[in-house]
Amino acid sequence: MPARNTDNERPGTRYGSRVVLRSDFIICGQTKYVALWVQCECGSVDLVRKSALVNGKADRCVECQSDERSRGMFGLPANSAWSRGMGHQLTAP
């Protein structure tokens, strides 16, 4: 069995908008998976399988993914005031 690459498990390693806090394991049935405690830019902390992070399938938390999807539904640019929930603060020229 090849040695595990632990370089990308170190605290501070970034995967998209998530940063590694520490490594851990998840046991599912008879299988043991490497997992990482990560913190998203929005502040949420999750335990995620390392393979999902490395493959880019979990580079954002569920809340950030749903926010981005809802912005796309209305056709708003990601950085617009309306998409950031500040539309009520805008005034007409």
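Residues numbered from 1 in each chain as written. Predicted model: local features only at pLDDT ≥ 70, side-chain atom pairs only at ≥ 80, totals over all residues. Heavy atoms only, no water.

**Q** An account of the sheet that holds strand β3 (residues 31-40) is requested, with residue identities and associated values reported.
**A** Strand-to-strand pairing in sheets goes through backbone hydrogen bonds, with the strands running parallel or antiparallel. Strands sit in the order β1-β2-β3-β4 across an open sheet of four strands; the sheet is antiparallel. The open sheet has two free edges, formed respectively by β1 (14-15) and β4 (45-49), since each of these has just one partner strand. Sheet topology places β1 next to strand β2 (residues 18-28); two bridges connect them, and they run antiparallel. Paired with R14 across the strands is V19, a residue of β2. (Pairing = 2+ DSSP bridges. Helix = DSSP H or I, 4+ residues; strand = E, 2+ residues; numbered from the N terminus.)

**Q** Would you mind going over the packing of aromatic side chains in detail, with residue names and values included?
**A** Overall, the coordinates contain zero aromatic pairs when judged by the stated rule. If you follow K32 out to its NZ or CZ, it ends over the ring of F25, 4.3 Å from the centre. (Phe/Tyr/Trp six-rings, centres within 6.5 Å; stacked < 30°, edge-to-face > 60°. Lys NZ or Arg CZ within 6 Å of the ring centre and 35° of its normal.)

**Q** Mind laying out the pattern of salt bridges, listing which residues take part and the relevant values?
**A** Taken as a whole, this structure holds five salt bridges when the rule is applied. For K50, the salt bridge is made with E9, and the minimal N-O distance between the two is 2.9 Å. Here the residue K50 occupies a position in helix α1 (residues 50-54), and E9 occupies one in the segment before β1, the gap between them amounting to 41 residues. The burial state of K50 is the same as that of E9; both residues are buried. Note that D46 and R18 form a salt bridge whose closest N and O atoms lie 3.0 Å from each other. Residue D46 is located in strand β4, and its partner R18 is located in strand β2; the two are separated by 28 residues in the primary sequence. (Salt bridge = Lys/Arg side-chain N within 4 Å of Asp/Glu carboxyl O. Buried < 20%, exposed > 50% of the residue type's maximum accessible area, 1.4 Å probe, protein only.)

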